[in-house]
Amino acid sequence: MRFLLLLAIVVVPAASAANPVPYSKKSIGQGRNVYIRHCAGCHGNDGKATVDVVADATDLTNPKAYTGGTSDDEIFRSIRDGRNASMPAFASQIRSETDIWHVVNFIRSLWPEAQRPALQPDPKD
Ligand code: HEC
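Fair warning: this is a prediction, and the values are worked out from it, not measured in the lab.

Trainee: Requested: an account of the overall build of the chain, with residues and values cited.
Mentor: Along its length, the chain carries 5 helices and 0 strands. In the chain, the order of α-helices and β-strands from amino to carboxyl end is α-α-α-α-α. Per-residue burial over the chain gives 22% buried out of 125 residues. Taking the contacts inside the chain whose residues are at least 6 apart along the sequence as the reference set, 60% of them involve residues at least 24 apart.

Trainee: Got a sec to walk through the environment of Ile107? Specific residues and values, please.
Mentor: By the element assignment, Ile107 lies in helix H5 (residues 97-109). Judged by C-beta crowding, with 25 C-beta atoms within 10 Å, Ile107 ranks as buried. Put simply, Ile107 and Gly47 are 60 residues apart on the chain and 7.8 Å apart in space, counted from C-alpha to C-alpha. Residues in contact with Ile107, not counting those within four places in the same chain, are Gly47, Leu60 and Ile75.

Trainee: Tell me about the environment of Asp56, and please be specific about residues and values.
Mentor: Along the polypeptide, Asp56 turns up in the loop between helix H3 (40-43) and helix H4 (72-81). Overall, Asp56 belongs to the exposed group, with 11 C-beta atoms counted inside 10 Å. In this structure, the C-alpha to C-alpha distance between Asp56 and His43, residues 13 residues apart in sequence, is 9.5 Å.

Conventions we followed
- Residues numbered from 1 in each chain as written.
- Predicted model: local features only at pLDDT ≥ 70, side-chain atom pairs only at ≥ 80, totals over all residues.
- Helix = DSSP H or I, 4+ residues; strand = E, 2+ residues; numbered from the N terminus.
- Buried ≥ 20, exposed ≤ 12 C-beta atoms within 10 Å, placed from the backbone.
- Contact = placed C-beta atoms within 7 Å.

Remember that the coordinates give geometry; whether it matters functionally is a separate question.
What follows is the structure in C-alpha cells.
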C-alpha cells in the first residue's frame, strides 16, 4: 500500500498536480492551524502582513500582490520551496503535502469573496 502510494506520487508530474484536497470548511480549519503556527509571525493572523516583522511579507488577502502566481500549484510551490530571499521554504517543517494543501485552501479563504473557490462539502471520513 505504502509502495503504491509512493509510486503514485512519483508518477504524477509535479507541474500538472491540481489541489487534491477539496476546498471545504474542514480543510480551511486545518490549514488555519498550520498557518497560525508557521506563517502568522510574518504574515499576521489575518494574512495582511501589517505586523512588519518582515517589512515586505506579502499581503496574502490580496491575490494581486502575489508575484509567484495564484493558482493552487503556484501557491503550493511558494510554500514548499520558498520565494525569493525572504520567504522561507517549508518543505522540511511541514512534511505532509496534504497539510500544505490545507494551507493553500486557508489562504484562498482570505481572498475577496468573488475570487474564492466554491466551498465543497466536507469529505466524510
Ligand atoms: C520569515 C517570514 C515569513 C514566514 C514565516 C512566512 N513567510 Fe510567506 N512571505 C514572506 C515574505 C517576505 C514574502 C515576500 C517574498 C517576495 O516576494 O519577495 C512572502 C511571500 C509569500 C507568498 C506569496 C508569494 C508570491 O507569489 O508572491 C505566499 C503565498 C506566502 N508567503 C505564504 C506563506 C505561508 C503559507 C507561510 C507559512 C507556511 C509563510 N508564507 C511563512 C515571509 C514569510
